[in-house]
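# Coordinate analysis (summary)
Below are the chains, spelled out letter by letter.
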Amino acid sequence: MKELFAILIGAMFVENFVLSKFLGICPFLGVSKKTSTAVGMSGAVIFVLVLSQAVTWLVNHYLLVPNELEYLQTIAFILTIAALVQLVETILKKMIPSLYKALGVYLPLITTNCAVLGSALLFVERQYSFVQAVFFGFAAGLGFTLALVLFSGVRERLETCDIPEAFKGMPITLIAASLVSVTFMGFASLIIP
Amino acid sequence: MYKEIIKPSIILFLVCAVITGALAYVAAVTKPIIAENDKLAKQEAMAEVLPEAKSFSDPVSFEALEKEGFPVTGTIKNIYVAPDCGFVVEVTTKGYGGEVNMMVGIGNDKTVKGVKLTSHNETPGLGAKAANPEFVEQYLGPIPEGGFVVVKGASKSDSEIEAVSGATISSRAVTKGVTEAVNLIDYIIDEDAAATLNTLAGGN
Amino acid sequence: MEEKKGFLSILFNGIIKENPTFRLLLGMCPSLAVTTMAKNGLGMGAAATFVLVGSNLVISLIRKIVPDKVRIPVFITVIAGFTTIVHMLLAAFLPEINKQLGIYIPLIVVNCIIFARAEMFAQKNGPISSILDGIGMGIGFTLAITLIGSVREILGAGTWMGIPVTVNLFDPAVLFILPPGGFMVMGLLVAAFNKITERKRKETGNEADSEAGCAAGCPGCSKAMHGGEA
């Protein structure tokens, strides 16, 4: 239990995927213009992350490792994730149209989200158990949500600011992200020694 | 039917097969080189932390030590015996950016001969400074009574380790590793457990 | 992309006009994550260039026999294959760099630059043009992230490529090699790049692609990825 708690705090605050590990920067910058889209994207990411962690862990543990095929990890993981996203999209469309309506537009963007492949690679590196890996995915998703939603608030305010011409658009967004990232550094001392 | 399903499937299968074959070939070529690199790096690190040693035994793992009743925690990974000279302990602790792996060389006379961080993920310019010689040299010398303590600011005695400024967590991680290694060797020498260790190491 | 272009202009296209990092804002994750040192930027750039050239070449060669239906999985497989090869080669011959770059090497697979070039260029052009496009984009990416790495290393650690350069000038501000510094330097450099190209654009009177980057960057390439299947 204590270990899971450490994973939760670690993945959400101390090594927040977006703000300190730089995983999932593209959606972080791309869909954080409005809080509502940020929430939608985050929901889809948490959903896919948990699912993909479970499936990739099983693939790794029961297919790759016993056959000494670890060198196929990258290729197997990315294909699994791509197929999974496609599958989720199709199933949601047919079975739960209301959820598909909420998450659907964000799903295709997730395959290329480094956070998903990144967490799969990290559970291998850290030798997590199945439960830990899935929980890590969930916690990383929550961290992603936290960063995205917080930042969308910042960006909504940026809209009304008077910004120098060259800084308009991406540059000022990046600098705002830098300041949000500074605040997250304050969590560093939460690490359990 | 053919054009819709079979042909795409065959082509996808072929591409996967070719790529997998290429990967298998590269893996077969690089695997021994990678293993050799790791071995060399390890040997170099061991020679560096215990320069007087002429040879090292095979590693004795944490599991084997635990089974024989040595007082070890999970931080100790392996221990190598250098006949008539001392021991090298491989320790892993948790630092700021993840695992900190280090080698600690300790002589039979209970002096710390060398400490080397073999891999870590500490922040460059901050925690990473804990891998610098200036920092790890603080541990060298006879094992102090009561172990090492991390202090902020200048160190006043042998037992005090001056933390890298701004990186107390990394400094503590290294200190914890060295302390664990020292405690284990302390026990081995005091309890005359070296013979058991030698048997485990498959030595004479 | 259909019109015939000179080989040279294809090569230089990626370096300035469509610089993947500063103009197209693709591949942001590695641009920010590994650029704490100039050397890391160089290593990452070289690895990505290898994958880019390799996958561009292979995709261009097989573009006519791959049915549209399985295009995406085939591309992913090819890119992932080259990434794994580069990963193993680095582990074997440059273990130091490999250790420094960590999981960001396998993450080249999801680097949008590579997929975007496969989809937008290699799929429509011959092998020689595709190789040149890969080299050009690769150099553009390498230069950009080496620049980010240099700025961060000099300001944050006072060294460049590991050589001390600012000993007596100022005390390095560690913040720059920490995550916030990554965002900050990237923001300032994009702004500077905007400023320079903006002036050029005004001179030539071409105002077309000013906002293309931000919004169309990664989401754009993901959309392309799924466009054929939706």
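Note that the structure is a prediction, hence the values are computed from the model and not measured.

## Some thoughts on the overall build of chain C
Per the secondary structure count, chain C includes 10 helices and two strands. Along chain C, helices (α) and strands (β) appear in the sequence α-α-α-α-α-α-α-β-β-α-α-α when read from the amino end. When each of the 230 residues of chain C is scored for burial, the buried share is 60%. Sequence separation of at least 24 residues holds for 76% of the intrachain contacts in chain C that already meet a minimum separation of 6. Taken as a whole, chain C presents about 9,400 Å² of accessible surface, with 68% of it coming from carbon and sulfur.

## As for the interface of chain A and chain C
Contacts between chain A and chain C engage 43 residues on the former and 41 residues on the latter. Taken over both partners, the interface formed by chain A and chain C buries close to 3,800 Å², and the fraction arising from carbon and sulfur atoms is 80%. Its largest share of buried area at the contact with chain C, chain A owes to Phe22, Thr112 and Leu174 of chain A, together 17% of the area lost on that side. Taken together, chain A and chain C are joined by zero salt bridges. Taken together, the links from chain A to chain C amount to three residue pairs in polar contact (both at pLDDT 80 or more). Within the residue set of the side of chain A that touches chain C, elements represented by two or more residues are helix 2 (25-30), helix 4 (73-95), helix 6 (114-126) and helix 8 (170-185) of chain A.

## Things to note about the nonpolar core
Ranked by internal contacts, the top residues of the largest apolar core, which has 128 residues, are Ile25, Phe28, Met41 and Leu117 of chain A together with Leu107 and Phe183 of chain C. Beyond its immediate stretch of four places on either side in the chain, Leu107 of chain C contacts Leu23, Cys114, Leu117, Gly118 and Leu121 of chain A. The next biggest cluster of nonpolar side chains, apart from the first, holds 38 residues, and it includes Met102, Val104, Leu117 and Ala193 of chain B.

## Considering the confidence of the model for chain C
Residue and element names in this part refer to chain C. Of the residues in chain C, 84% reach a pLDDT of 70 or more, and the chain-wide mean stands at 80. Per-element confidence in chain C ranges from a low mean pLDDT of 36 for helix 9 (residues 212-216) to a high of 92 for helix 3 (residues 38-62). Per-residue pLDDT stays below 50 along residues 205-230; that stretch engages in 41 contacts with residues further than four places along the chain or on separate chains.

## Things to note about unusual backbone geometry
Residue and element names in this part refer to chain A. With phi around 60 degrees, Phe22 is a residue other than glycine that occupies positive phi space. Along the chain, Phe22 falls in the loop between helix 1 (2-14) and helix 2. On the accessibility criterion, Phe22 (3% relative accessible area) is buried. You will see that Glu68, though not glycine, has its phi angle at about 55 degrees, which is positive.

## Describing the sheet that holds strand 3 (residues 86-94) of chain B
Residues and elements named next belong to chain B. Spatially, the six strands line up as an open sheet ordered 1-2-3-4-5-6, and their pairing is antiparallel. Here the strands that pair on one side only, and so sit at the sheet edges, are strand 1 (60-61) and strand 6 (141-142). Pairing between strand 4 (residues 99-107) and strand 5 (residues 111-119): six bridges, direction antiparallel. Directly across from Asn101, in strand 5, lies its bridge partner Ser119.

## Some details on the pairing of strand 4 of chain B
Residues and elements named next belong to chain B. Burial analysis of strand 4 places eight of its nine residues in the buried class, which makes it a mostly covered element. Pairing geometry for strand 3 and strand 4, over nine bridges, is antiparallel. Among the inter-strand pairings, Lys94 is bridged to a residue of strand 4, identified as Glu99. Where strand 3 hands over to strand 4, the hairpin turn is made up of four residues, of which Gly98 adopts a positive phi near 130 degrees. Connecting strand 4 to the antiparallel partner strand 5 that follows it, the hairpin turn spans three residues, and Lys110 within it adopts a positive phi of roughly 60 degrees.

## Thoughts on the interface of chain B and chain A
Listed by partner, the interface residues are nine residues for chain B and seven residues for chain A. Contact with chain A buries area across many residues of chain B, yet Leu23, Tyr96 and Ile169 of chain B alone supply 43% of it, more than any other trio. There are zero salt bridges connecting chain B and chain A. If you look at where chain B meets chain A, you find zero residue pairs in polar contact (both at pLDDT 80 or more). For the side of chain B that touches chain A, a count of residues per class yields six nonpolar, two polar and one charged.

## Some remarks on the packing of helix 4 of chain A against helix 4 (residues 71-93) of chain C
In contact at an axis separation of 9 Å, helix 4 of chain A and helix 4 of chain C are set at 155 degrees when each is read in the N-to-C sense. Comparing their axes, helix 4 of chain C and helix 4 of chain A come out roughly antiparallel. In the packing of helix 4 of chain A onto helix 4 of chain C, the handedness of the crossing is right-handed. Residue-level contacts link Thr74, Ile75, Ile78, Leu79 and Ala82 of chain A of helix 4 of chain A to Pro73, Ile76, Thr77, Ala80, Gly81 and Thr84 of chain C of helix 4 of chain C. The class makeup of the residues in the contact of helix 4 of chain A with helix 4 of chain C is seven nonpolar, four polar and no charged.

About the cut-offs
- Numbers given to residues run from 1 along each chain, matching the order in which its sequence is written.
- Whichever chain is written first is A, and whichever ligand is written first is 1; the rest continue in order.
- The model is predicted, so local features are restricted to residues of pLDDT at least 70 and side-chain atom pairs to those at 80 or more, both for listing and for counting; the totals for chains, interfaces and linings are taken over all residues.
- Water and hydrogen atoms play no part in the side-chain values, which are based on all heavy atoms of the structure.
- In this text, helices come from DSSP runs of H or I with a minimum length of four residues, and strands from runs of E with a minimum of two, each type numbered from the N-terminal end.
- For the exposure calls, accessible area comes from a 1.4 Å probe over protein chains only, and a residue counts as buried if that area is under 20% of its type's maximum, exposed if over 50%, partly exposed in between.
- Whether two residues are in contact is decided by their heavy atoms: any pair within 4.5 Å suffices.
- In this description, accessible areas are obtained by the Shrake-Rupley approach with a 1.4 Å probe, and a residue is regarded as covered only by the protein chains that are shown.
- The buried area of a pairing is the accessible area, by a 1.4 Å probe, that goes missing from both parts when the two are put together, added over both.
- Salt bridges are identified by distance alone: a Lys or Arg side-chain nitrogen within 4 Å of an Asp or Glu carboxyl oxygen.
- Distance and chemistry together define a polar contact, namely a pair of N or O atoms within 3.5 Å, with one atom able to donate a hydrogen and the other to accept it when in protein, and with adjacent residues in sequence counting only for side-chain atoms on both sides.
- Residues grouped as a nonpolar core are buried Ala, Val, Leu, Ile, Met, Phe, Trp, Tyr and Cys residues, joined through side-chain atoms within 4.5 Å.
- Scored from 0 to 100, pLDDT records how confident the predictor is in each individual residue.
- Here a strand pair is declared whenever DSSP counts at least two bridges between the two strands.
- Nonpolar residues are Ala, Val, Leu, Ile, Met, Phe, Trp, Tyr, Cys and Pro. Charged residues are Asp, Glu, Lys and Arg, and all others, Gly as well, are polar.
- Helix axes are fitted only over the stretch in contact, all axes being lines through C-alpha atoms; the angle between N-to-C directions runs from 0 to 180 degrees.
- Any angle from 65 to 115 degrees is called roughly perpendicular, while one under 35 is roughly parallel, one over 145 is roughly antiparallel, and all others are oblique.
- Here a crossing is taken to be left-handed if its near helix is turned anticlockwise relative to the far helix by less than a right angle, and right-handed if that turn runs clockwise.

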